[in-house]
Amino acid sequence: KNQVEQSPQSLIILEGKNCTLQCNYTVSPFSNLRWYKQDTGRGPVSLTIMTFSENTKSNGRYTATLDADTKQSSLHITASQLSDSASYICVVSRMDSNYQLIWGAGTKLIIKP
Amino acid sequence: GAGVSQTPSNKVTEKGKYVELRCDPISGHTALYWYRQSLGQGPEFLIYFQGTGAADDSGLPNDRFFAVRPEGSVSTLKIQRTERGDSAVYLCASSLSGPGQGNSPLHFGNGTRLTVT
C-alpha cells in the first residue's frame with residue numbers, strides 16, 4: 001500500500017534551535033519526494049523537490065535529505081525563527097502519476113520565543 | 001498575478017444549494033489541479049487540467065462535482081446539491097508543466113473554505 005508516514009506528529013522548540021523532521025514512505029514506483037510548508041489557513045508552499053538520484057537539497061535554512069534505498073527523508077531546519085511555525089508535509093509522487101500525490105499527515109512545528 | 005488566487009476565501013451555503021469556486025492560476029501555467037483538504041489531513045486529489053481539457057477527473061467523488069477551464073486559465077469547480085460532507089477547504093494549484101514533463105512544483109492558492117449547513 002502506498003503510504004507516507006511522518007514523525008513526530010508535533011514538535012515544540014525554542015527560537016534559534018535546530019530541528020529535524022522525519023518521513024518514511026512505501027510508495028512505488030517512486031518519482032519524487034517533496035516537502036511543503038503549510039501555515040494555518042493558507043495553501044501549502046513548496047520547499048524542496050527531490051528525485052531518486054538526489055541525496056540532499058537545500059532551500060535557505062531548510063535542508064532535505066533522501067535515502068531512496070531505505071525510503072526515508074528528513075527535513076532539517078537550522079536556526080529556527082518564529083515564522084517557521086507551521087505544518088511541514090512530506091509528499092511523494094508515483095512514477096505513473098505526478099499529481100495524484102501521496103501526502104503525509106504532517107508535523108506541526110511550533111517555535112517558541 | 002503573483003500567485004494562485006482563489007475566490008471566495010470563505011463560502012457558507014445551505015444543504016442542497018449549488019456553489020461555484022473560482023481559481024485564477026499563475027499566468028502561463030498550463031497545468032491546474034483541484035484538491036480538497038479536511039481538517040488535519042493532507043489534500044485529496046480531485047481533478048487535473050492540462051490546458052482546457054480535464055486530463056484526469058478520477059478524484060471527483062461523484063457526479064455532483066464538476067470543473068471547467070474553458071480558456072485554459074481560470075477554472076471553476078462546481079458543486080450541485082451540496083451536502084454537509086462537502087464541507088472542507090478546496091485548494092487549487094497550478095504548475096508550469098504537467099506530469100512527466102519535469103518535476104515542476106505545485107503552487108497552491110490559499111483555498112476556499114466551504115461550509116455546508
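Quick caveat, the model's predicted, so the values are computed rather than measured. (Residues numbered from 1 in each chain as written. Chains lettered and ligands numbered in written order. Predicted model: local features only at pLDDT ≥ 70, side-chain atom pairs only at ≥ 80, totals over all residues. Heavy atoms only, no water.)

A. Examining the overall build of chain B more closely. In terms of helices and strands, chain B carries 0 helices and 11 strands. Secondary structure elements of chain B, listed N to C terminal, follow the sequence β-β-β-β-β-β-β-β-β-β-β. Taken against the 2.2 N^0.38 rule, which gives 13 Å for 117 residues, the C-alpha radius of gyration of chain B at 13 Å falls within 12% of a compact globule. Seen along its three principal axes, the alpha-carbon backbone of chain B occupies a region of about 40 × 25 × 25 Å. Counting all 117 residues of chain B, 46% fall into the buried class. In chain B, the proportion of contacts linking residues at least 24 apart, taken out of those at least 6 apart, comes to 56%. Split by element, the accessible area of chain B, about 5500 Å² in all, is 47% carbon and sulfur. In chain B, the 11 positive side-chain charges and the 10 negative ones have mean positions that sit 6 Å from each other. (Helix = DSSP H or I, 4+ residues; strand = E, 2+ residues; numbered from the N terminus. Rg over C-alpha atoms; globule rule 2.2 N^0.38 Å. Buried < 20%, exposed > 50% of the residue type's maximum accessible area, 1.4 Å probe, protein only. Contact = heavy atoms within 4.5 Å. Areas by Shrake-Rupley, 256 points an atom, 1.4 Å probe, with all protein chains shown as cover. Lys, Arg positive; Asp, Glu negative; His and termini not counted. Charge placed at Lys NZ, Arg CZ, Asp CG, Glu CD.)

B. Up close: the pairing of strand 7 (residues 62-67) of chain A. Residue and element names in this part refer to chain A. A one-sided burial pattern is seen for strand 7, the buried positions being Tyr-62, Ala-64 and Leu-66 and the unburied ones Thr-63, Thr-65 and Asp-67. Where strand 6 (residues 56-59) lies against strand 7, 4 bridges are found, and the strand directions are antiparallel. Within strand 7, the position partnered with Lys-57 by the bridge is Ala-64. Counted along the chain from strand 6 to the antiparallel partner strand 7, the turn is 2 residues long, and its residue Gly-60 has a positive phi close to 65 degrees. Two elements, strand 7 and strand 8 (residues 72-77), share 6 bridges in a ladder whose sense is antiparallel. From the neighbouring strand, Asp-67 faces strand 8, where its bridge partner is Gln-72. Taken together, strand 7 and the strand that follows it, strand 8, pair antiparallel across an intervening segment of 4 residues, in which Lys-71 is found at a positive phi of about 55 degrees. (Pairing = 2+ DSSP bridges.)

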